[in-house]
Amino acid sequence: MNNLNGERSWVEVAMYDELPVNSGKTVRFKDKELAIFRLTSGKILVIENRCPHKDGVLAEGIVSGEYVFCPLHDRKIDLSSGLVQNPDTGCVKTFDVSIENGKVYIDLLEKSEIAS
């Protein structure tokens, strides 16, 4: 289901209460594959689902705080910024999230597209 708001493209992807805590879930919509995380703080964060190093599925990674560790080579990725942490390098795309009436929506425009 699409929920268009202005020039953004919000898509309903899940019910908040059904998302596992401190674990990832893969969400696919058209050509995008995203990883959605519900943290112990209750915050929902969404990133593209592939590690920039060797395409590890990040939704299958281990979550610690606001980071996920790639299941293939243990690269640490900041779920808020998408930045791979030192000493490794790289970045994954991040997406805005909205929660309304218990439903989780993802803006399919990447944050970098919104800023430009």
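Residues numbered from 1 in each chain as written. Predicted model: local features only at pLDDT ≥ 70, side-chain atom pairs only at ≥ 80, totals over all residues. Heavy atoms only, no water.

## A look at the sheet that holds strand E7 (residues 67-69)
Then step 1. One open sheet accounts for three strands, arranged E6-E7-E8; its pairing is antiparallel. Bordering the open sheet on either side are strand E6 (62-64) and strand E8 (76-78), each of which pairs with just one other strand. Between one strand axis and the next, the sheet turns by 30° as a mean value, whatever way the strands run.
Then step 2. Here E7 runs beside E8; their pairing, made up of three bridges, is antiparallel. Bridge assignment links Val68 to a residue of E8, and that residue is Ile77. (Pairing = 2+ DSSP bridges. Helix = DSSP H or I, 4+ residues; strand = E, 2+ residues; numbered from the N terminus. Axes fitted to C-alpha atoms, helices over the stretch in contact; angles between N-to-C directions.)

## Some words on the nonpolar core
Soluble globular proteins: nonpolar side chains tend toward being buried together.
Then step 1. One finds Phe37, Leu39, Ile47, Leu58, Val68, Ile77 and Leu79 to be the most contacted residues of the largest nonpolar core, which totals 16 residues.
Then step 2. Every element with two or more residues in this core is listed here: strand E4 (32-38) and strand E5 (44-48).
Then step 3. Not counting residues within four places of it along the chain, the set of residues in contact with Leu58 comprises Ala35, Phe37, Ile47, Glu48, Asn49, Arg50, Cys51, Val68, Cys70, Pro71, Ile77 and Val92.
Then step 4. In this structure, Leu34, Ile36, Ile44 and Phe95 belong to the second largest nonpolar core, which totals 13 residues. (Core = buried A, V, L, I, M, F, W, Y, C linked by side-chain atoms within 4.5 Å. Buried < 20%, exposed > 50% of the residue type's maximum accessible area, 1.4 Å probe, protein only. Contact = heavy atoms within 4.5 Å.)

## Re the environment of Leu45
Then step 1. Secondary-structure assignment places Leu45 in strand E5.
Then step 2. Looking at Leu45, the relative accessible area reads 11%, which means it is buried.
Then step 3. Setting aside its immediate chain neighbours within four residues, Leu45 contacts Ala35, Ile36, Phe37, Leu39, Glu66, Leu79 and Ser80.

## Notes on the environment of Tyr16
Then step 1. Along the chain, the position of Tyr16 falls in the loop between strand E2 (8-15) and strand E3 (23-29).
Then step 2. Judged by its relative accessible area of 17%, Tyr16 is buried.
Then step 3. Taking the C-alpha atoms as reference, Tyr16 lies 9.6 Å from Tyr105; in sequence the two are 89 residues apart.
Then step 4. The contact partners of Tyr16, leaving out residues within four places of it in the chain, are Arg38, Gly42, Ile44, Ile99, Gly102 and Val104.

Honestly, it's all geometry; don't read function into it.
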